[in-house]
Amino acid sequence: MVELRRSLDDLRGPLPRDRDLPASLRLLAEDSRARGRLAVHCDIADDLPHLAAEVATALGQVAREALVNVERHAAAGNVAITLEHAAALVTLRIADDGAGIGPADLARPGHYGIQGMR
């Protein structure tokens, strides 16, 4: 329960007020690298439009949860965080070289990370 509460607090916590989304994603990448389990590559577009605070917060929280999932479950060695802008679309992609996740994994009770990201 303690770990669950800590995870939920981390996921729902706001992005630091003095950082924009790109800076927050870079900080998440640095934190993951510092834990020593993953090689993390961060590729953020230079031409990002201004994002509403709610959108930036949601994307930051999704990235945080995705990295936690990779560290805990994927058995990955590498992960890439990509934030792109094309036309009116901003895309956040977290990709790893781990074991993957199947439909049965998504249906297991008591696991809410993927549902929360959706």
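Right, let's walk through the structure included here. (Residues numbered from 1 in each chain as written. Predicted model: local features only at pLDDT ≥ 70, side-chain atom pairs only at ≥ 80, totals over all residues. Heavy atoms only, no water.)

1. Some words on the overall build of the protein chain
Of the regular secondary structure elements, the protein chain holds five helices and three strands. Put simply, the protein chain runs from its N terminus to its C terminus through helices and strands in the order α-α-β-α-β-β-α-α. Here the protein chain, with 118 residues, has 30% of them falling under the buried criterion. Sequence-distant contacts in the protein chain: of pairs separated by 6 or more residues, those separated by 24 or more amount to 62%. Carbon together with sulfur atoms contributes 53% to the accessible area of the protein chain, which is approximately 7,800 Å² in total. (Helix = DSSP H or I, 4+ residues; strand = E, 2+ residues; numbered from the N terminus. Buried < 20%, exposed > 50% of the residue type's maximum accessible area, 1.4 Å probe, protein only. Contact = heavy atoms within 4.5 Å. Areas by Shrake-Rupley, 256 points an atom, 1.4 Å probe, with all protein chains shown as cover.)

2. Looking at the sheet that holds strand β1 (residues 39-44)
What the three strands build is an open sheet, ordered β1-β2-β3; its pairing is mixed. Looking at strand neighbours, the two that pair on one side only are β1 and β3 (89-96), the edges of this open sheet. In this sheet, neighbouring strand axes are inclined to one another by 10° on average, regardless of whether the strands run parallel or antiparallel. When β1 meets strand β2 (residues 78-86), the two strands line up parallel, connected through six bridges. Bridging across to β2, A39 finds its partner in N78. Helix-sheet contacts for helix α3 (residues 53-74) involve β2 and β3, and the interaxial angle to β3 is about 10°. (Pairing = 2+ DSSP bridges. Axes fitted to C-alpha atoms, helices over the stretch in contact; angles between N-to-C directions.)

3. Regarding unusual backbone geometry
One non-glycine residue with positive phi stands out, namely A75, at about 55°. You can call A75 exposed: its relative accessible area is 72%.

4. Details of the nonpolar core
In this structure, L21, L25, I81 and L92 are the most contacted members of the largest nonpolar core, which totals 19 residues. Taken together, the elements giving at least two residues each to this core come down to α2 (21-34), β1, α3 and β2. In terms of residue count, the dominant contributor to this core is α3 (six residues). (Core = buried A, V, L, I, M, F, W, Y, C linked by side-chain atoms within 4.5 Å.)

5. Things to note about the pattern of salt bridges
Within the structure shown, the criterion is met by three salt bridges. With a closest N to O distance of 3.8 Å, R37 and E71 form a salt bridge. Of the two residues, R37 is situated in the loop between α2 and β1 and E71 in helix α3; the sequence distance between them amounts to 34 residues. Each member of the salt-bridge network shares a partner with another, and the members are R35, R37 and E71. (Salt bridge = Lys/Arg side-chain N within 4 Å of Asp/Glu carboxyl O.)

6. Focus: the packing of α2 against α3
At a minimum axis distance of 10 Å, the contact between α2 and α3 shows a crossing angle of 15°. With respect to α3, the element α2 is oriented roughly parallel. Regarding α2 and α3, the two cross each other, and that crossing is right-handed. On α3, the residues touching L21, L25, L28 and S32 of α2 are A56, L59, G60, A63, R64, L67 and E71. Here the contact of α2 with α3 is built from residues that sort into seven nonpolar, two polar and two charged. (Parallel < 35°, antiparallel > 145°, perpendicular 65-115°, else oblique. Left-handed = near helix turned anticlockwise from the far one by under 90°. Nonpolar A, V, L, I, M, F, W, Y, C, P; charged D, E, K, R; others polar.)

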